[in-house]
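Survey of secondary and tertiary structure
Listed here are the chains, written in short residue letters.
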Amino acid sequence: MDIASRYDYEKTFALELVFPDTEEKTGIVFQIRSASSDAAKKVIRKHLDDVTERQQRGKLVKGEMRLRQELEKAASWIAGWDWGEHTYQGEKPEHSFRKAVEVLDREDWIYVQVSEAANALANFTSGPQTPAAKR
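Below: a short report on this structure. (Residues numbered from 1 in each chain as written. Predicted model: local features only at pLDDT ≥ 70, side-chain atom pairs only at ≥ 80, totals over all residues. Heavy atoms only, no water.)

Let's shift gears to the overall build of the protein chain. Counting its regular elements, the protein chain contains four helices and three strands. In the protein chain, the order of α-helices and β-strands from amino to carboxyl end is β-β-α-α-β-α-α. Only carbon and sulfur atoms are counted for the fraction: they give 49% of the accessible area of the protein chain, which is about 8,300 Å². Of the side-chain charges in the protein chain, 21 are positive and 23 negative, and the distance between the mean point of each set is 6 Å. (Helix = DSSP H or I, 4+ residues; strand = E, 2+ residues; numbered from the N terminus. Areas by Shrake-Rupley, 256 points an atom, 1.4 Å probe, with all protein chains shown as cover. Lys, Arg positive; Asp, Glu negative; His and termini not counted. Charge placed at Lys NZ, Arg CZ, Asp CG, Glu CD.)

Another aspect to go through is the pattern of salt bridges. Scanning the model with the defined rule gives seven salt bridges in all. Residue Lys73 pairs with Glu70 through a salt bridge whose shortest N-O separation is 3.4 Å. In this pair, Lys73 and Glu70 are both assigned in helix α2 (residues 63-76), three residues apart and thus about one turn of the helix distant. In this structure Lys73 comes out as partly exposed when scored by relative accessible area, which is 22%. (Salt bridge = Lys/Arg side-chain N within 4 Å of Asp/Glu carboxyl O. Buried < 20%, exposed > 50% of the residue type's maximum accessible area, 1.4 Å probe, protein only.)

Our focus in this paragraph is the side chain of Thr26. Its place among the elements puts Thr26 in strand β2 (residues 25-32). A relative accessible area of 6% means that Thr26 is categorised as buried.

Between helix α1 (residues 38-56) and α2, whose axes approach to 8 Å, the crossing angle comes to 165 degrees. Comparing the axis directions of α1 and α2 gives the class roughly antiparallel. In terms of crossing hand, the pair formed by α1 and α2 is right-handed. Here α1 contributes Ala39, Ala40, Val43, Ile44, His47, Asp50, Val51 and Arg54 to the contact with α2, which in turn contributes Met65, Arg66, Gln69, Glu72, Lys73 and Ser76. In the contact of α1 with α2, the residues fall into six nonpolar, three polar and five charged. (Axes fitted to C-alpha atoms, helices over the stretch in contact; angles between N-to-C directions. Parallel < 35°, antiparallel > 145°, perpendicular 65-115°, else oblique. Left-handed = near helix turned anticlockwise from the far one by under 90°. Contact = heavy atoms within 4.5 Å. Nonpolar A, V, L, I, M, F, W, Y, C, P; charged D, E, K, R; others polar.)

So, about the packing of aromatic side chains. The full count for this structure, using the stated rule, is six aromatic pairs. Between Phe30 and Trp81, the ring centres sit 5.2 Å apart and the planes meet at 45 degrees, which makes this aromatic pair tilted. You can see Phe30 sitting in strand β2 and its partner Trp81 sitting in strand β3 (residues 78-82), a full 51 residues away along the chain. Neither residue differs from the other here; Phe30 and Trp81 are each classed as buried. (Phe/Tyr/Trp six-rings, centres within 6.5 Å; stacked < 30°, edge-to-face > 60°.)

Attention now goes to unusual backbone geometry. One can expect most non-glycine residues to show negative phi and most peptide bonds to be in trans. The phi torsion at Glu23 lies on the positive side, around 65 degrees, for a residue other than glycine. Looking at where Glu23 falls in the secondary structure, it is placed in the loop between β1 (13-18) and β2. When its relative accessible area of 45% is taken as the criterion, Glu23 is described as partly exposed. Not every positive phi belongs to a glycine, and Gln89 is a case in point at roughly 55 degrees. Topologically, Gln89 is positioned in the loop between β3 and α3 (97-106). Overall, the relative accessible area of 54% leaves Gln89 in the exposed class.

See below:
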């Protein structure tokens, strides 16, 4: 077996969000990238550059910056979404990086599910898929 082809970090995984209190499917589906995808690594490199630059100028890295970076990292894992019959704040949100950051910032339960799915290697195997996160 070629170990290099075992995981496909660029493929997406259909995450069916569930309500955290009932575990019922919401009808909302997020397309999730691996936390090891090129898109995710690009965001992490930018964050590292920003932190290094601040430190070189003798400035502290504040909690607000770190929180924003965590939200942006998680937003990079969302390749798209389908809200089905649901709305968010009265509208069907178009997918964008900025909108993903906003949703993840306000909805912790969505952040948790996205994070679990993006970090579960089993969701990105090249062979038969056994989801490691809720569907």
